[in-house]
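Commentary on secondary and tertiary structure
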Amino acid sequence: AQSVSQHNHHVILSEAASLELGCNYSYGGTVNLFWYVQYPGQHLQLLLKYFSGDPLVKGIKGFEAEFIKSKFSFNLRKPSVQWSDTAEYFCAVTRMDSSYKLIFGSGTRLLVRP
Amino acid sequence: GAGVSQSPRYKVAKRGQDVALRCDPISGHVSLFWYQQALGQGPEFLTYFQNEAQLDKSGLPSDRFFAERPEGSVSTLKIQRTQQEDSAVYLCASSTNRDTEAFFGQGTRLTVV
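All of these numbers come straight from a predicted model, not from anything done at the bench.

Looking at unusual backbone geometry
Residue P8 of chain B is bonded to the preceding S7 of chain B through a cis peptide linkage, with omega at -10°. Its location among the elements puts P8 of chain B in the loop between β1 (5-7) and β2 (10-13). Phi at A16 of chain A takes a positive value of approximately 80°, unusual for a residue other than glycine. Tracing the chain through its elements places A16 of chain A in the loop between β2 (10-14) and β3 (19-21). Positive phi, normally seen in glycine, also occurs at R81 of chain B, with a value near 50°.

This is the structure we're talking about:
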């Protein structure tokens, strides 16, 4: 069965540290890729997405992600985190034959210490 | 409203009780989705509507789960004879069509005791 793996369940960083959250998926066909963020007490929000084209995708709030097809990966990065980035981050994919159906990873909780 | 609205925000049900969870999508959004998020897990797809038509219900875990969207707007997820394993956050999302960005509500946290 297709799955999405997020290897880091909890990450703790100090402000200004660099961030990289891993995401790997198991489906071999064409996929669309997403990162969602859930700030404390808020709803899930789209951070960035990749459908095609440049594999380096820039999203909101200084986040970016790189799609590496050969590694089935879509890692999320930010050069310098802020306290306000404390949140839970979810990687998700959709398959081309069911493009409406988001398949989520289990999430990574990020705590940024001031 | 400006976003997807779900009610109630919290629901405690005794085992065996029936519950109904409501979702008000963003006005004009044709597509509507339900997801279930167990503690410590990512959301899992339950079902998908295009207007009033339920086009995919492959994620519903059992025949105790039923969803409807009779007029193509508000949707209700009903769970009959609730069991402890039904305890989760139930998320609703809507989008302008099936392939565009899905906007999520804050969810209903269901606790079955």
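Some words on the pattern of salt bridges
For the coordinates displayed, the defined rule picks out 10 salt bridges over all chains. Here R95 of chain A makes a salt bridge to D97 of chain A, at a shortest N to O gap of 2.7 Å. Between D24 of chain B and R22 of chain B there is a salt bridge; the shortest N-O distance is 2.7 Å. For D24 of chain B, a relative accessible area of 24% translates into the label partly exposed.

Regarding the layout of surface pockets
Roughly 670 Å³ of volume is contained in the largest pocket. Together, 31 residues line the largest pocket, and Q38, E88 and R109 of chain A together with V89 and R109 of chain B are the ones closest to its centre. Counting residues per element, the lining of the largest pocket draws most heavily on strand β11 (residues 108-112) of chain B, at four residues. In terms of residue class, the lining of the largest pocket is made up of 11 nonpolar, 16 polar and four charged.

Quick notes on the rules
Residues numbered from 1 in each chain as written. Chains lettered and ligands numbered in written order. Predicted model: local features only at pLDDT ≥ 70, side-chain atom pairs only at ≥ 80, totals over all residues. Heavy atoms only, no water. Helix = DSSP H or I, 4+ residues; strand = E, 2+ residues; numbered from the N terminus. Salt bridge = Lys/Arg side-chain N within 4 Å of Asp/Glu carboxyl O. Buried < 20%, exposed > 50% of the residue type's maximum accessible area, 1.4 Å probe, protein only. 1 Å grid on protein atoms, 1.4 Å probe; cavity = no way out; pocket = protein on both sides within 12 Å on 5 of 7 lines; lining within 4 Å. Points joined across faces, edges and corners; volume = space filled by probe spheres on them. Nonpolar A, V, L, I, M, F, W, Y, C, P; charged D, E, K, R; others polar.

All we've got here are geometric facts, nothing functional implied.
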